[in-house]
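Architecture at a glance
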Amino acid sequence: MKKFLYLFILIILTLYLHTYNSSNNPSFEQNEPVPPSSSKIVALSHFSAEIPASSAPLLEWNKDLNAVYYELELFDTVPENLSNDDLSSDHLYYTASIYTNAYQIDLKDIAPEYLNKKPLYWRVRSMDIDGNPISSFSKLETLYATDAPSSMNSPLPHVTYNKENGTTLLYPVYAFIPNAHATQFEIEVTDRPPENPRGTAPSKYRIFSTITNLCDYYDPKARIGKYYWRVRGLDDDNNPVGVYSDVQTFENNPDDNWKIGIFGDSISHGGGHLSFGPADWEYSYAYYLDFPTINLSCSGDTSETMVKRFDTDVVPFHPQYLLIMGGTNSLRAGIPAENVIEDLIAIREKCYENNITPIFLTLAPINPENIKKVFDENTSPVWQKNLNIVNKFIRTQPHIDAAAALNSPAILPTYYGMDGLHGDIPTKKIYAKAINDNISQFIEK
């Protein structure tokens, strides 16, 4: 399973090829129920003449949980007869390369003559994967700015771990808002607080680093213990653009006596709808559970890799109960149902050997057409037969029937999972309700 962070490349290429939706661009079936935008888009950043912005302000708006990306327009005047639903030919600046609900814009490059003098105006709307708007533009927002340098001279992390239910991940994702002019980003993980905060040099406590041109990164390594991470922008030649961000912390402590763990692939790791990853908690069923869990899932897992990492990733946390959802990636790749069942049996036996109660979750159907569209991956023609065989086996084990709770048609509707695989918010909430309603039959009072 390709991780979501690599999928932004697909969006960027799509946007390069067309600004407006093309009639040649394949769309999802129109007869499937597609949810409306979660809310109208409202600007959260306000810069008045009395309290103006710097020369590179951060423009923020409310998150649309159905958006794949956003379009933003900047104007130097208020156009006449401005439509709330159509792009304007009068904009001074336009971008569609926005994948989170914030954007730092450098006005020294775009409108230097307006700094300290005249106001600018901006608005934004949310878009779907086909380049269609799913909201109207936000109300035109006045923007006064000066030529003062911005106080935001680093990427801005926007994920908080270890606070609410479902926010403790063994495989963390480092997500952030890019800073202006950075074309790539260096992420640094340390095992103690960096000795050089807000600097540009690596920390002497660095244990891992990587460079990405995307705005999130899936750590390929399980992080057991307490760690620190930060990110800085770079230009095309790897020169610093600004400084490292403020350091962020996360912790996965086996001594915290986690009662319930979650073990699976990206469906359980979290994320969906292409632009949302495991650090977007609304796309994780663990977030909606009535009890705390530690999420031991790893995006990309097959049932075979789940067996292989059980001893290193599950056993150290010695959970009393383990919610297990795995095998979808194997089945869509054409692995026989019998092989997947053997892996699930191996996981079950490892649970019993370590005094863990296994609780299997049945597997929802997928949508091969949508998977091909979003991930450009083919699906085995016998996936459906094999999935039914695996689910029949799971229903003979200690289990919660998440698939029955979803009550999906044989092909996963776009409403339940736009990318055909991971499940969007309605699906994650249904899984959580099924678990909440049935977990008591396994948990000792």
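Our subject is the structure that appears above.
Notes on the structure in this doc start here. (Residues numbered from 1 in each chain as written. Predicted model: local features only at pLDDT ≥ 70, side-chain atom pairs only at ≥ 80, totals over all residues. Heavy atoms only, no water.)

Ordered by their spatial adjacency, three strands build an open sheet running E7-E8-E11, and the pairing between neighbours is antiparallel. Taken across any chain shown, the strands that pair with only one partner, and hence form the sheet edges, are strand E7 (156-157) and strand E11 (216-218). Across two bridges, the pairing between E7 and strand E8 (residues 173-177) is antiparallel. Within E8, the residue paired with Pro-157 across the bridge is Phe-176. (Pairing = 2+ DSSP bridges. Helix = DSSP H or I, 4+ residues; strand = E, 2+ residues; numbered from the N terminus.)

In this section: helix H7 (residues 368-375). Burial in H7 covers these residues: Asn-370, Ile-371, Val-374 and Phe-375. Within H7, the buried residues cover an arc of 105° as seen down the axis, which keeps them to one side. Looking at the residues trailing H7, positive phi occurs at Asp-376, about 55°. (Buried < 20%, exposed > 50% of the residue type's maximum accessible area, 1.4 Å probe, protein only. Arc of directions from axis to C-beta.)

Another aspect to go through is the pattern of salt bridges. Throughout the structure, instances matching the rule amount to 21 salt bridges. Between Lys-350 and Asp-311 there is a salt bridge; the shortest N-O distance is 3.2 Å. Of the two residues, Lys-350 is situated in helix H6 (residues 337-353) and Asp-311 in helix H4 (residues 303-313); the sequence distance between them amounts to 39 residues. Of the residues examined, Lys-350 reaches a relative accessible area of 18% and is grouped as buried. Judged by its relative accessible area of 41%, Asp-311 is partly exposed. (Salt bridge = Lys/Arg side-chain N within 4 Å of Asp/Glu carboxyl O.)

Glancing now at the layout of surface pockets. What the largest pocket holds in volume is close to 590 Å³. Around the largest pocket sit 25 residues that line it, and Ser-97, Tyr-103, Pro-178, Ala-182 and Phe-185 are the ones nearest its centre. At the level of secondary structure, the elements contributing two or more residues to the lining of the largest pocket comprise helix H1 (4-17), strand E3 (93-98), strand E4 (102-104) and strand E9 (184-190). Here the lining of the largest pocket is composed, by residue class, of 16 nonpolar, eight polar and one charged. (1 Å grid on protein atoms, 1.4 Å probe; cavity = no way out; pocket = protein on both sides within 12 Å on 5 of 7 lines; lining within 4 Å. Points joined across faces, edges and corners; volume = space filled by probe spheres on them. Nonpolar A, V, L, I, M, F, W, Y, C, P; charged D, E, K, R; others polar.)

Take unusual backbone geometry next. The backbone of Asn-116 sits at a positive phi, close to 70°, despite the residue not being glycine. Relative to the helices and strands, Asn-116 is located in the loop between helix H2 (107-110) and strand E5 (120-127). Here the phi dihedral of Asn-355 falls at roughly 55°; this positive angle occurs in a residue that is not glycine. Examined against the element boundaries, Asn-355 turns out to sit in the loop between H6 and strand E18 (357-361).

A word on the environment of Ile-187. Of note, Ile-187 is situated in strand E9. Overall, the relative accessible area of 0% leaves Ile-187 in the buried class. In sequence terms Ile-187 and Thr-312 are 125 residues apart; their C-alpha atoms lie 25 Å from each other.

Here we come to the side chain of Lys-428. Assignment of secondary structure puts Lys-428 in helix H10 (residues 425-438). A polar contact is formed between the side chain of Lys-428 and the backbone oxygen of Gly-423, at a distance of 3.2 Å. Excluding residues that lie within four positions of it along the chain, Lys-428 makes contacts with Ile-267, Gly-271, Tyr-283, Ser-284, Tyr-285, Tyr-288, His-422 and Gly-423. (Polar contact = N/O pair within 3.5 Å; in protein donor to acceptor, adjacent residues only side chain to side chain. Contact = heavy atoms within 4.5 Å.)

Looking now at empty space enclosed by the protein. Under the counting rule described, the total for this entry stands at two cavities of 30 Å³ or more. In this structure, the largest cavity is lined by 21 residues; those nearest its centre are Tyr-99, Thr-100, His-158, Ser-275 and Asp-280. If you list the elements that add at least two residues to the lining of the largest cavity, you get strand E2 (69-75) and E8. Examining the composition of the lining of the largest cavity, we find that three residues originate from one element, E8, more than from any other. Taken together, the residues of the lining of the largest cavity break down into twelve nonpolar, five polar and four charged. Size it by volume and the second largest cavity reaches roughly 60 Å³. Together, Ile-267, Met-325, Thr-328, Ala-364, Pro-365, Ile-366, Leu-412, Leu-421, His-422, Gly-423, Thr-427 and Tyr-431 line the second largest cavity. Of the residues contributing to the lining of the second largest cavity, the split by class is eight nonpolar, four polar and no charged.

Let us look at helix H8 (residues 383-394). For H8, built from twelve residues, the straight-helix expectation of 16 Å at 1.5 Å per residue is met to within 8% by its first-to-last C-alpha distance of 16 Å. Those residues of H8 that sit buried are Trp-383, Asn-386, Leu-387, Val-390, Asn-391, Phe-393 and Ile-394. When H8 is viewed along its axis, its buried side chains cluster within an angular range of 155° and face the same direction. Summarising the geometry of H8, the exposed residues directed more than 90 degrees from the buried face are Lys-385 and Lys-392. (Expected span 1.5 Å × (residues − 1).)

Summed over the entire model, instances satisfying the criterion amount to 14 aromatic pairs. Geometrically, the ring pair formed by Tyr-174 and Phe-250 is tilted, given 6.0 Å between the ring centres and 50° between the ring planes. Separated by 76 residues along the polypeptide, Tyr-174 in strand E8 and Phe-250 in strand E14 (residues 248-252) bring together distant segments of the chain. Three or more aromatic residues link up through ring pairs in this structure, and these residues are Tyr-161, Tyr-174, Tyr-227, Trp-229, Phe-250 and Trp-281. Above the face of the Phe-208 ring, Arg-223 is positioned so that its terminal group lies 5.2 Å from the ring centre. For Arg-223, the ring lying beneath its charged end belongs to Tyr-227, and the centroid distance is 5.8 Å. (Phe/Tyr/Trp six-rings, centres within 6.5 Å; stacked < 30°, edge-to-face > 60°. Lys NZ or Arg CZ within 6 Å of the ring centre and 35° of its normal.)

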